[in-house]
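Letter by letter, the chains look like this.
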Amino acid sequence: MHTHKETKMSRIATTLAATALAGAAFALLASPASAKSPVDPSWNKPDSWESGGVYTCTKEELSDGMTTWTVGDGVAFVVVKTGTTYTVLDSDPYGTEHVFDQDISFVISCVPNGGPSS
């Protein structure tokens, strides 16, 4: 037989569990809207990456099925767009190959004004 104290504790535990489940359900419903960050359309333009004239950037559109990119000679950094993800490659030596899980939409390569970096 349950004592009054055990019944009260059981009711509190049930209430806490129900509250936790409701909170978790709300978080799951709310998370897709809050987790998705908008993509700034200016990120698709080379001049957006030029840092006020510090770099000269060019954009190369790639055909479907391309999932690898090799860092070119003399670039300061490269912006690779796959899906809605932008990856900045800025410390890899010439010839470093990167493989992505999705097709590469485009690559923006930036060199310092005054010529390629060594």
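Everything that follows concerns the structure shown earlier in this document.
Reading the values: the criteria
Residues numbered from 1 in each chain as written. Predicted model: local features only at pLDDT ≥ 70, side-chain atom pairs only at ≥ 80, totals over all residues. Heavy atoms only, no water. Helix = DSSP H or I, 4+ residues; strand = E, 2+ residues; numbered from the N terminus. Buried < 20%, exposed > 50% of the residue type's maximum accessible area, 1.4 Å probe, protein only. Contact = heavy atoms within 4.5 Å. Areas by Shrake-Rupley, 256 points an atom, 1.4 Å probe, with all protein chains shown as cover. Core = buried A, V, L, I, M, F, W, Y, C linked by side-chain atoms within 4.5 Å. Disulfide = S-S within 2.5 Å. Pairing = 2+ DSSP bridges. Axes fitted to C-alpha atoms, helices over the stretch in contact; angles between N-to-C directions. Phe/Tyr/Trp six-rings, centres within 6.5 Å; stacked < 30°, edge-to-face > 60°. Lys NZ or Arg CZ within 6 Å of the ring centre and 35° of its normal.

1. Section: the overall build of the chain
Inference 1: When you go through the chain residue by residue, the secondary structure sums to one helix and six strands.
Inference 2: The secondary structure elements of the chain, listed N-terminal to C-terminal, are α-β-β-β-β-β-β.
Inference 3: Burial analysis of the chain (118 residues in total) assigns 21% to the buried set.
Inference 4: Long-range contacts, defined as pairs at least 24 residues apart, comprise 68% of the intrachain contacts of the chain with a sequence gap of at least 6.
Inference 5: Of the accessible surface of the chain, which amounts to about 8300 Å², a share of 59% is contributed by carbon and sulfur atoms.

2. Observations regarding the nonpolar core
Inference 1: Counting ten residues, the largest nonpolar core is built from Leu-62, Trp-69, Val-71, Val-75, Val-78, Val-80, Leu-89, Phe-100, Ile-104 and Val-107.
Inference 2: Residue assignment for this core shows that the elements contributing at least two residues are strand E3 (77-82) and strand E6 (104-112).
Inference 3: Membership of the second largest hydrophobic core comes to eight residues, among which are Cys-57, Phe-77, Val-79 and Ile-108.

3. A short note on the state of the cysteines
Inference 1: Summed over the entire model, instances satisfying the criterion amount to one disulfide.
Inference 2: The residue that forms a disulfide with Cys-57 is Cys-110, at a sulfur-sulfur distance of 2.0 Å. Every disulfide takes its handedness from the sign of the S-S torsion; for Cys-57 and Cys-110 that torsion is 115°, giving right-handed. Taken together, the residues Cys-57 in strand E1 (residues 55-61) and Cys-110 in strand E6 connect sequence positions 53 residues apart. For the pair shown, Cys-57 and Cys-110 are each scored as buried.

4. A few points about the sheet that holds E6
Strand pairing in a sheet relies on backbone hydrogen bonds, with the paired strands running either antiparallel or parallel.
Inference 1: A sheet is described by the order of its strands in space; here four strands give the open sequence E1-E6-E3-E4, paired in antiparallel fashion. Strands at the two margins of the open sheet, each flanked by one partner only, are E1 and strand E4 (85-89). Direction aside, neighbouring strands of the sheet carry axes that sit 20° apart on average.
Inference 2: Direction of pairing for E3 relative to E4: antiparallel, over a ladder of five bridges. Counted as the bridge partner of Lys-81 is Tyr-86 from E4.

5. Some details on the packing of aromatic side chains
To describe a pair of aromatic rings, you give the distance between the ring centres and the angle between the ring planes.
Inference 1: Counting across every chain of the model gives three aromatic pairs.
Inference 2: Consider the rings of Tyr-55 and Phe-77, whose centres lie 5.0 Å apart with planes at 90°: the pair is edge-to-face. Of this pair, Tyr-55 sits in strand E1 while Phe-77 sits in strand E3, and the two are 22 residues apart along the sequence.
Inference 3: The class for Tyr-55 is partly exposed, based on a relative accessible area of 22%.
Inference 4: On the basis of relative accessible area, Phe-77 is assigned to the buried category, the value being 10%.
Inference 5: Here the aromatic cluster, defined as three or more aromatic residues joined through ring pairs, consists of Trp-43, Tyr-86 and Phe-106.
Inference 6: Taking the ring centre of Phe-106 as reference, the NZ or CZ of Lys-59 above it sits at 4.3 Å.

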